[in-house]
Amino acid sequence: RFTPKMAGRGAKMAVPNLPGFRSNVHDRTKRVSHFSMSADGVMIEKDRPESKEAKPDAAAEFERTYNATAAKRAARPEEVAATKRLAARGDIIPPAFVALDRQVLRLFGYFKEAVHESAAEDERVRKVIILLYLVDMQIEVVEQKETNSGMPQGTFIKRHRIPKRSGEPYEFTDLLVGTEVTFYGRTIRIVDCDPFTREFYASNGIEQGAAEAYPETPLDATKKAAVAAAGEYHGIKSHPLKKFMEASLGKVGSGRGQKVDLKRFLDNDRKVLRFYCEWDDSDRLYGDKNAFTLHYFLAEDTVEVAEVTAPNSGKDPFGLFLAKQKLPKDWHSSLREDRHQSCEDDPPSESYYRPEDLKVGGIVDVFGRKLLIKGCDPFTRAWYRATFDYEQGDLTGEEEEKEEAPTLGKPSYTGFGDEEDSMASAKSLIPKPPKKDWRKWTENEGKILRFSAKLARAIPEDRHRQFVIQLYLEDDTLMIYEPAVRNSGIVGGKFLNREKHRNAEGRLYRVDDFTIGKEVTIHKRTFLIIDTDTYTRKVKPEVVPPGHGVPKGAEDPAVAELLGRLREAARKRGAHGIHGIGRMFRIFDDNGDKGLSAADLSKGFRDYGCPLNDEEMTVLMAAFDKDGSGRVSFDELLAGLRGPMSHTRLSLVHAAYDKLDATGDGKVALDDIQALYNFSQSEAVLSGEKTKEEAAADFLDQWDTIEDDNIVSREEFLNYYRGVSASIDSDDYFELMMKRAWDI
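Residues numbered from 1 in each chain as written. Predicted model: local features only at pLDDT ≥ 70, side-chain atom pairs only at ≥ 80, totals over all residues. Heavy atoms only, no water.

Participant: Help me out: how do you make sense of the nonpolar core in this one?
Facilitator: As a rule of thumb, soluble globular proteins bury nonpolar side chains together. Of all hydrophobic cores here, the largest spans 25 residues; its most connected members are Val653, Ile673, Phe717, Tyr721, Phe734, Met738 and Trp742. Among the elements of the structure, helix 19 (647–660), helix 20 (670–676), helix 23 (714–726) and helix 24 (731–742) are those that each provide at least two residues to this core. At 6 residues, the largest contribution of residues to this core is made by helix 19. Once you skip the residues sitting within four places of it in the chain, Ile673 turns out to touch Leu660, Val668, Phe699, Val712 and Trp742. With 23 residues, the next largest nonpolar core counts Ile139, Ile162, Phe172 and Tyr201 among its residues. (Core = buried A, V, L, I, M, F, W, Y, C linked by side-chain atoms within 4.5 Å. Buried < 20%, exposed > 50% of the residue type's maximum accessible area, 1.4 Å probe, protein only. Helix = DSSP H or I, 4+ residues; strand = E, 2+ residues; numbered from the N terminus. Contact = heavy atoms within 4.5 Å.)

Participant: What should I look at first to understand the pattern of salt bridges in this one?
Facilitator: If the charged atoms of two oppositely charged side chains come close together, the side chains can form a pair. All chains considered together, the criterion is met by 28 salt bridges. With its nearest N and O atoms 2.8 Å apart, the salt bridge here joins Glu391 to Arg385. In this structure, Glu482 engages Arg465 in a salt bridge whose closest nitrogen and oxygen atoms are separated by 2.8 Å. Pair noted here: Glu482 is in strand 17 (residues 477–482) and Arg465 is in the loop between strand 15 (448–455) and strand 16 (467–472), with a separation of 17 residues, a long-range link. Here the residues in one salt-bridge network are Glu113, Glu121, Arg124, Arg126 and Glu143, joined through shared partners. (Salt bridge = Lys/Arg side-chain N within 4 Å of Asp/Glu carboxyl O.)

Participant: Before we go on, may I ask you to explain helix 5 (residues 195–203) in this structure?
Facilitator: Owing to its 3.6 residues per turn, the α-helix aligns residues three or four sequence positions apart on the same side. Looking at helix 5, one finds that the buried residues are Thr197, Phe200 and Tyr201. Each buried residue of helix 5 lies within a common arc of 95° when the element is viewed along its axis, so the set occupies one face. In helix 5, the exposed residues that point more than 90 degrees away from the buried face are Pro195, Glu199 and Ser203. Immediately downstream of helix 5, the backbone of Gly205 shows phi near 80°, a positive value. (Arc of directions from axis to C-beta.)

Participant: Just checking my understanding: could you explain helix 10 (residues 378–387) for this structure?
Facilitator: All buried positions along helix 10 are accounted for by Thr380, Arg381, Trp383 and Tyr384. The arc that holds the buried residues of helix 10, viewed along the axis, is 165°, so those residues lie on one side. Counted as exposed and oriented over 90 degrees from the buried face of helix 10: Pro378 and Ala386. Buried residues along helix 10 sit in contact with strand 9 (272–280) and strand 14 (369–376). Asp389 lies just past helix 10 and shows a positive phi near 55°.

Participant: What's the story with the packing of aromatic side chains in this structure? I'm lost.
Facilitator: Each aromatic ring pair is summarised here by two numbers: the centre-to-centre distance and the angle between the ring planes. Per the stated rule, a full pass over the model turns up 19 aromatic pairs. With 5.1 Å between their ring centres and 80° between their planes, Tyr170 and Phe183 make a pair best called edge-to-face. Pair noted here: Tyr170 is in the loop between strand 6 (155–160) and strand 7 (180–183) and Phe183 is in strand 7, with a separation of 13 residues, a long-range link. Accessibility classification places Tyr170 together with Phe183 in one group, the buried group. In this structure an aromatic cluster arises from ring pairing among Phe275, Trp383, Tyr384 and Phe388. (Phe/Tyr/Trp six-rings, centres within 6.5 Å; stacked < 30°, edge-to-face > 60°.)

Participant: Explanation requested: the sheet that holds strand 12 (residues 322–325) in the structure shown.
Facilitator: Hydrogen bonds between backbone groups are what pair the strands of a sheet, and the pairing can be parallel or antiparallel. The sheet built from 6 strands is open, its strands ordered 12-11-10-9-14-13 with antiparallel pairing. Across the chains shown, the open sheet's two edge strands, defined by having one partner strand only, are strand 12 and strand 13 (363–366). For this sheet the average axis-to-axis angle between neighbouring strands, irrespective of direction, equals 35°. Bridge count for strand 9 against strand 14 is 4 bridges, and the pairing is antiparallel. Bridge assignment links Tyr276 to a residue of strand 14, and that residue is Gly375. Running at roughly 115° to strand 9, helix 10 makes contact with strand 9 and strand 14 of the sheet. (Pairing = 2+ DSSP bridges. Axes fitted to C-alpha atoms, helices over the stretch in contact; angles between N-to-C directions.)

Participant: Whenever I open this one, the environment of Ala675 confuses me. Can you help?
Facilitator: Positionally, Ala675 belongs in helix 20. Taking the C-alpha atoms as reference, Ala675 lies 9.7 Å from Leu660; in sequence the two are 15 residues apart.

Participant: Explanation requested: the environment of Ser597 in the structure shown.
Facilitator: With respect to the helices and strands, Ser597 occurs in strand 21 (residues 595–597). Sequence spacing of Ser597 and Met621 is 24 residues, and the spatial spacing of their C-alpha atoms is 8.8 Å.

Participant: How should the pairing of strand 3 (residues 104–114) be read in this particular structure?
Facilitator: The side chains of a regular strand alternate, first on one face of the sheet and then on the other. Sheet topology note: the strand 3/strand 4 (residues 123–133) ladder contains 11 bridges and is antiparallel. Across the sheet, residue Tyr110 finds its bridge partner in strand 4, namely Lys127. In the sheet, strand 3 pairs with strand 8 (residues 186–193) via 4 bridges, with the strands oriented antiparallel. Residue Leu107 lies in a different strand from strand 8, and its bridge partner there is Cys193.

Participant: What is the right way to look at the pairing of strand 19 (residues 519–522) in this model?
Facilitator: Side chains Val520 and Ile522 of strand 19 all project onto a buried face; the interleaved residues Glu519 and Thr521 project onto a face where none is buried. In terms of strand pairing, strand 19 meets strand 20 (residues 525–532) through 4 bridges, oriented antiparallel. Across the sheet, Ile522 pairs through a bridge with Arg525, a residue of strand 20. Taking the residues between adjacent antiparallel strands as the criterion, strand 19 and strand 20 are bridged by 2 residues, where His523 takes a positive phi near 55°.

Participant: Is there a simple way to explain the side chain of Gln392 in this structure?
Facilitator: Considering the arrangement of structural elements, one finds Gln392 in the loop between helix 10 and helix 11 (419–427). For Gln392, the side chain forms a polar contact with the main-chain oxygen of Leu358, separated by 3.2 Å. The contacts of Gln392, once residues within four sequence positions are left out, are Phe275, Leu358, Lys359, Val360, Cys376, Arg381 and Tyr384. (Polar contact = N/O pair within 3.5 Å; in protein donor to acceptor, adjacent residues only side chain to side chain.)

Honestly, it's all geometry; don't read function into it.
Here it is, written out as structure tokens:
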């Protein structure tokens, strides 16, 4: 019993190469190396052992063999001569594979094929050649190739023994002219054969019939009529190919015509005239005005026409409307005239378009398409001006008024992703993800602007609520959260999710919408921007209006020390100390530009009881005199004296003003302040320094000197309490004072 293991042991019987009968045993015999490694690490060739028997010389072996063969021939000359005589008489018959090698019978035939999809013909005749190889009686059928037939042609039936319906293979006796044979359901009519085939059949006692003509179809008649109409020179190649073939064979043209063509080519190489054309096809159904660009190549006098496809026109972008060629003026007659197709006579140049025929406003007939020339490029204008002293016109500006295409409206937000995703679904059937501004993303990644805000014109229950608005510069998204406040009854946390939000105008919120003191409406809730963090002031200083916060000049340590001493002096004068300094500065401002000179400052501080020496005045002027005019803005100087207010104090001041501003117009009359302010809780009244009436008169005296209109704006209210806040150290005391005074 044979097993797969026996194959690995050198079994001699043949086994099919199938799974289970293959051996994976490999010959692991170690091959002897012919090189060895020397002590120096160099590979050297080993000495080959000499063979026991010396190999004979090749030349000597050839000579010995030749001599032996010649001796045999000389020994039997009569036998060789007798063999030659028999072969000459034909008495020796060679084998069939030698006698019939490369002998093929060729017969011509056709079969008919029904045509259902064409009105020009109802049936088609397909011509074939039947090849019968005599060496093995195999048959091959080849269909004759016809130019521009549109059908796959060539080998119709591959070479093999074709069986009959009875199962027996076809023999050469079955293929006779005038008979029909059926190969796999195709009935072929044999109409003729070549002379060799007729001679072969005659030598075997079979006479082939007379040749028959192929049947004529209506399509063949149409083709013959077209060929007859074209003339005797139909199909002859034009003269450029003849010249090329003659030149390739060694005949180089040296006539006058060749020299003229070469000179024209060298002078006008790469010079192309460009015309802007229009084809009005609006008379047809679904027709339109189509734009084209016509190129005239001066080196060859050829024309090329390219279609200008407008975006979203719905037309397929074809490369060329007319390939580069000579354009006949009358294309109908050029197809009929025989001499235009001849290789002996050059076609006359008058029958083709020339540069002098191309003018703006003219018509170019491109094989039946009437193209109106409406303009040309600057090079073409200059060429016509220099060559023909002719100025081309321009009709490109005479455009008809077209109806404006409807614009794509902005779709409503679908709720998936952001608004850009909703817009992408309206721009295409297959939505594409919106493209990100990667430059903006990389430059502003991680930059978050934070603004402290409160509800503007809020109800009493919401006046104490504070909010933090975060603006992400990397993608213009916005988020609002509310810090938790103990015992407020409102749970803090996220107030608005991070998304792209738009204002009432439909644009995204920008940084300038969150300037301190501005009101911003987000989803029908109006927020008042109170303050910003230090990072926002540093990155976007424009969000802090003048008079808010600490000016840049006050950040210097020497200036901060000087302002601290002035602030301490004002604190000794009570809650209205800094406000009094402001009132004094306004008295010194004669021209009303809110600026003071160094002399006015020195005199004012000396009268106030805080004199400054020359060195301190120099430091103060250098810090606040930004333009070097010798004058400082007392608004910025007062802002430096007041110092920054905490978010808690700002919220209390805004809550007090919201209570006063019942109408929400940002204007509060002094009478309303007098009616709502609780003077009995004033610090001077509680300490017994002043009566209630005196405290009221002193308080109202602080407001009528700011703007003489008996109206207090929110900015004036904030500036007043900034001065008051500078004289109070404790936030708890400031909160207690505001709640007692304004009952908030």
